[in-house]
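Structural overview
Listed here are the chains, written in short residue letters.
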Amino acid sequence: MAKYSAALDDVFGALSDPTRRAVVGVLGRGPASVSDLAESAAMTLPSFMKHVRTLERCGLIRTAKSGRVRTCTLNRKRLRVVDSWLAEQRAVWEARTDRLEQFVTDPPEPS
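Within each chain, residue numbers correspond to sequence positions counted from 1 in written order. Only residues with pLDDT of 70 or above have their local features reported here, since the model is predicted, and side-chain atom pairs are shown and tallied only from 80 upward, although totals for entire chains, interfaces and linings are computed over all residues. With hydrogens and water stripped out, all remaining heavy atoms of the structure feed into the side-chain values.

**Side note on helix H4 (residues 45–57)**
Going by this rule: Numbered from the N terminus, helices here are DSSP runs of H or I no shorter than four residues, and strands are runs of E no shorter than two. Multiplying one less than the number of residues by 1.5 Å gives the expected span of a helix. A 1.4 Å probe rolled over the protein chains alone gives each residue an accessible area, and that area as a share of the maximum for its type sets the label: buried under 20%, exposed over 50%, partly exposed in between. Note: the arc covers the axis-to-C-beta directions of the helix. The contact definition used throughout considers only heavy atoms, calling two residues in contact when any of these lie within 4.5 Å.
Along its 13 residues, H4 runs 18 Å from first to last C-alpha, staying within 8% of the 18 Å computed at 1.5 Å per residue. The complete set of buried residues in H4 reads Phe 48, Met 49, His 51, Val 52 and Leu 55. Seen along its axis, H4 keeps its buried residues to an arc of 155°; they face one direction. Opposite its buried face, H4 presents the exposed residues Pro 46, Lys 50 and Arg 57, each directed more than 90 degrees away. Buried residues belonging to H4 abut helix H1 (5–15), helix H2 (18–27), helix H3 (34–39), strand S2 (61–66) and strand S3 (69–74). A positive phi of about 90° marks Gly 59, the residue just after H4.

**Describing the packing of aromatic side chains**
The criterion, for reference: Here a pair means two rings of Phe, Tyr or Trp (six-membered ring of Trp) with centres within 6.5 Å. Their orientation is stacked below 30 degrees between planes, edge-to-face above 60, and tilted elsewhere.
Tallied over the full model, the rule gives one aromatic pair. Measuring from ring centre to ring centre gives 5.6 Å for Phe 12 and Trp 85, while their planes differ by 80°; the resulting arrangement is edge-to-face. With Phe 12 in helix H1 and Trp 85 in helix H5 (residues 76–105), the pair connects residues that are 73 residues apart, well separated along the chain. Using a relative accessible area of 35% as the deciding quantity, one classes Phe 12 as partly exposed.

**Regarding the sheet that holds S2**
Using the following cut-off: Strand pairing follows a simple DSSP-based rule, namely that at least 2 bridges must link the two strands. Between the N-to-C directions of two axes lies an angle of 0 to 180 degrees, each axis being a line fitted to C-alpha atoms and, for a helix, fitted only over the stretch in contact.
With respect to topology, three strands assemble into an open sheet ordered S1-S3-S2, the strand pairing being antiparallel. The open sheet is flanked by strand S1 (32–33) and S2, the only strands paired with a single partner. Relative to S3, S2 runs antiparallel, the two sharing six bridges. Looking at S3, one finds that Ser 66 is bridged to Val 69. Against the sheet, H2 contacts S1, S2 and S3, and its axis sits at roughly 85° relative to S3.

**A look at H1**
Residues Leu 8, Val 11, Ala 14 and Leu 15 constitute the buried set of H1. Taken around the axis of H1, the buried residues stretch over an arc of 135°, which confines them to a single face. Seen from the open side of H1, the exposed residues pointing more than 90 degrees away from its buried face are Ala 6 and Asp 9.

Here is the structure:
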């Protein structure tokens with residue numbers, strides 16, 4: 001678990017906000033400019049840029065500026081940290097529910 005802590009905390013912290021989750025969702029379909037992403041957010045552009053910087057700082061997105069346009073792309077590799085952690089948690093809980101199912105369907109013989 002310690003192997004994930006800082007990176008995982010950063011990613012989950014960034015994804016804790018609905019605006020940032022929406023940005024990640026849009027970027028999952030392909031790159032987009034900051035202005036296009038900001039159109040759907042009910043806030044000023046400077047406020048929206050704070051969300052972009054948070055996503056960029058934790059490594060979920062990358063931005064590149066070409067002329068006056070800043071384009072954002074999703075860094076899918078960073079999502080693997082979350083996917084790996086979730087896979088570990090899924091395995092733990094599936095093993096627990098398998099043991100529970102076995103206990104319920106095949107109760108131990110009374111002594």
